[in-house]
Amino acid sequence: MISYKDLGLVNTREMFKKAIEGGYAIPAFNFNNMEQMQAIISACVECSSPVILQVSSGARNYANQTLLRYMAQGAVEFAKEMGKNIPIVLHLDHGNSFELCKSCIDMGFSSVMIDGSHLPYDENVALTKKVVDYAHQFDVTVEGELGVLAGVEDEVSSEVAHYTRPEEVIDFVSKTGVDSLAISIGTSHGANKFKPEQCTRNEDGILVPPPLRFDILAEIEKQIPGFPIVLHGSSSVPQEYVKIINTHGGALKDAVGIPEEELRKAAKSAVCKINIDSDGRLAMTAMVRKIFVDNPAEFDPRKYLGPAREELKKLYMHKCVNVLGSAGTVE
Ligand code: G3H
Ligand code: 13P
Ligand code: ZN
């Protein structure tokens with residue numbers, strides 16, 4: 001049993017409290033490799049933002065859970081070396097079983113998500129409570145989910161979105177004891193968040209998605225005032241990256257995300273954690289594709305992963321400064 005506290009990591013409790021009071025959201029960025037971790041940490045150090053490093057079960061399978069844990073431990077030292085002891089959380093994203101959550105808690109994660117959103121309500125409550133009861137013994141915080149996002153949630157898939165039902169949230173939160181709640185108000189995972197027929201087109205032919213359901217968010221906030229809310233599927237799918245990818249051999253069709261202004265508005269509410277993965281994937285892919293086309297003789301991975309890492313860092317800083325509002329909140 002390894003305690004996250006010995007690794008220099010923190011849980012989400014204190015940072016969520018400050019974020020709600022301060023009207024901003026904590027960035028939750030997914031990572032699978034060293035370059036993503038370096039970009040996340042150097043961006044958050046440079047703009048003085050707390051950060052949640054997220055590991056999905058796909059990331060665990062790809063990179064190995066032990067290595068990722070050591071990377072998070074390394075991230076704490078890396079931040080200190082750069083001169084800023086920012087709060088860093090190591091979080092399991094979309095945990096789908098008690099065993100997976102327990103294994104992460106036992107090896108040093110400071111926060112876990114148990115995603116029972118696809119289960120019948122009572123089963124979601126029971127599974128979430130079981131994880132909370134275990135996690136809280138070690139002061140590890142737990143995120144639950146109510147409502148189902150459209151698209152693919154890691155190994156949990158759903159064709160259609162079921163918005164969170166505000167009338168269920170008090171019961172869910174009190175029966176399970178969760179520390180935060182992921183909700184469904186119209187976001188979804190990946191780079192194709194909406195079907196073209198759900199969108200309108202602006203004068204440049206760019207797809208404009210339907211607005212998020214802020215009415216449902218307001219209703220949820222009324223039911224559980226001040227309770228930490230999480231938004232998944234919050235990439236904005238920057239069209240400049242889509243364009244670079246498509247003009248350098250890629251084939252992304254009808255890629256569309258959540259407008260940044262909507263996320264900014266959400267971050268000012270009780271939404272205190274915003275999950276972003278796809279935008280980072282797009283930034284890296286755009287840079288790597290461009291370098292391969294512009295320099296076909298290049299074969300040193302540092303020459304394409306290095307610039308991709310720089311672009312990622314720029315993207316993450318932009319998110320903290322202009323979208324989530326978390327920049328400048330660490331002294
Ligand atoms: O919500 C899903 C995250 O973007 C992680 O994706 O399962 O492909 O690692 P992944
Ligand atoms: P995006 O696919 O919009 O980046 O969402 C990531 C996410 O919700 C991770 O849990
Ligand atoms: Zn998610």
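Trainee: How should the nonpolar core be read in this particular structure?
Mentor: Most often, soluble globular proteins have nonpolar side chains that are buried together. Grouped together as the largest cluster of nonpolar side chains are 97 residues, with contacts concentrated most on Phe31, Ile41, Leu53, Ile88 and Leu181. The greatest single-element share of this core, amounting to eight residues, is contributed by helix 12 (residues 301-324). When sequence neighbours within four positions are dropped, the list of residues in contact with Leu53 reads Phe29, Phe31, Ile40, Ile41, Ala72, Ala75, Ile88, Val89, Leu90 and His91. Residues Phe16, Ile26, Ala28 and Ile52 belong to the second largest nonpolar core, which totals nine residues.

Trainee: I keep staring at the coordination of the zinc ion (ligand 3) and nothing clicks. Help me out?
Mentor: Tetrahedral coordination by four donors puts the ideal angle at the metal at 109.5 degrees, and octahedral coordination by six puts it at 90 or 180 degrees. Of the protein atoms, only His94 (NE2), His189 (NE2) and His232 (ND1) coordinate the zinc ion (ligand 3), at distances of 2.1 Å. Considered as a linear motif, the donors of the zinc ion (ligand 3) on their single chain read H-x94-H-x42-H. Of this pair, His189 sits in the loop between strand 8 (180-183) and strand 9 (200-201) while His232 is found in the loop between strand 11 (229-231) and helix 9 (239-247), placing the two residues 43 residues apart along the sequence. Of the two residues examined, His189 and His232, each falls in the buried class.

Trainee: Which parts of the structure should I look at to understand the sheet that holds strand 12 (residues 271-276)?
Mentor: Pairing between the strands of a sheet comes from backbone hydrogen bonds, and it takes one of two forms, parallel or antiparallel. The strand order 1-2-3-4-5-8-11-12 describes a closed barrel built from eight strands, whose pairing is parallel. The mean angle between the axes of side-by-side strands here comes to 25°, regardless of whether they run parallel or antiparallel. As defined by bridge partners, strand 8 adjoins strand 11 across three bridges and the pair is classed as parallel. Among the inter-strand pairings, Ala182 is bridged to a residue of strand 11, identified as Val230. Where helix 5 (residues 98-106) meets the sheet, its contacts fall on strand 3 (88-95) and strand 4 (111-114), and the angle it forms with strand 4 comes to roughly 175°. Sheet strands in contact with helix 12 are strand 1 (26-30) and strand 12, and its direction is about 150° off that of strand 1.

Trainee: What is the right way to look at helix 8 (residues 214-223) in this model?
Mentor: The α-helix advances 3.6 residues per turn, and as a result positions three or four apart in sequence lie on the same side. For helix 8, the set of buried residues is Phe214, Ile216, Leu217 and Ile220. An end-on view of helix 8 places all buried positions within 155° of arc, on one side of the element. On its buried side, helix 8 packs onto helix 7 (166-176), strand 8, strand 11, helix 10 (260-267) and strand 12.

Trainee: Explain the packing of helix 11 (residues 278-294) against helix 12 to me, please; I cannot follow it from the model alone.
Mentor: Helix-helix packing is characterised by the crossing angle of the two axes and by the distance between the axes. The interhelical angle for the contact between helix 11 and helix 12, taken along N-to-C directions, is 145°, at an axis separation of 8 Å. Viewed along their axes, helix 11 and helix 12 form a crossing whose handedness is right-handed. Across from Asp279, Gly280, Ala283, Met284, Met287, Val288, Ile291 and Phe292 in helix 11, the residues of helix 12 making contact are Lys303, Tyr304, Leu305, Pro307, Ala308, Glu311, Leu312, Leu315, Tyr316 and Lys319. Its residues assigned to classes, the contact of helix 11 with helix 12 comprises 13 nonpolar, one polar and four charged.

Trainee: Any chance you could explain the pairing of strand 5 (residues 141-146) here in plain terms?
Mentor: In terms of residue burial, strand 5 counts as a mostly covered element, since six of its six residues are buried. Relative to strand 5, strand 4 is paired through three bridges, and the arrangement is parallel. Within the sheet, the bridge partner assigned to Met113 lies in strand 5 and is Glu143. Looking at chain direction, strand 5 and strand 8 are connected through four bridges and run parallel. The residue of strand 8 that forms the bridge with Leu146 is Ile183.

Trainee: Is there a simple way to think about the site of ligand 2 in this case?
Mentor: Contacts to ligand 2 come from 16 residues, most closely from Asp93, Lys193, Ser235, Asp277 and Ser278. Between Gly190 and ligand 2, the recorded distance is 2.8 Å, taken from a backbone N or O atom to an oxygen atom. A total of 310 Å² of accessible area belongs to ligand 2 in isolation, and the protein chains cover 96% of it. Elements represented by at least two residues in the shell around ligand 2 include exactly strand 3 and strand 12.

Trainee: How should I be thinking about the pairing of strand 2 (residues 51-56) in this particular structure?
Mentor: Residues in a regular strand point their side chains to alternate faces of the sheet. Within strand 2, six of the six residues are buried, which leaves it mostly tucked inside the rest of the structure. Along strand 2, one buried face is formed by Val51, Leu53 and Val55 and the opposite face, lined by Ile52, Gln54 and Ser56, is buried too. Bridge count between strand 1 and strand 2: three bridges; the pairing is parallel. Note on strand 2: the bridge partner recorded for Asn30 is Gln54.

The rules behind each value
Residues numbered from 1 in each chain as written. Chains lettered and ligands numbered in written order. Predicted model: local features only at pLDDT ≥ 70, side-chain atom pairs only at ≥ 80, totals over all residues. Heavy atoms only, no water. Core = buried A, V, L, I, M, F, W, Y, C linked by side-chain atoms within 4.5 Å. Buried < 20%, exposed > 50% of the residue type's maximum accessible area, 1.4 Å probe, protein only. Helix = DSSP H or I, 4+ residues; strand = E, 2+ residues; numbered from the N terminus. Contact = heavy atoms within 4.5 Å. Donors = N, O, S within 2.8 Å, 3.2 Å for Na, K, Ca; no water. Pairing = 2+ DSSP bridges. Axes fitted to C-alpha atoms, helices over the stretch in contact; angles between N-to-C directions. Arc of directions from axis to C-beta. Left-handed = near helix turned anticlockwise from the far one by under 90°. Nonpolar A, V, L, I, M, F, W, Y, C, P; charged D, E, K, R; others polar. Near = heavy atom within 4 Å. Polar contact = N/O pair within 3.5 Å; in protein donor to acceptor, adjacent residues only side chain to side chain. Areas by Shrake-Rupley, 256 points an atom, 1.4 Å probe, with all protein chains shown as cover.

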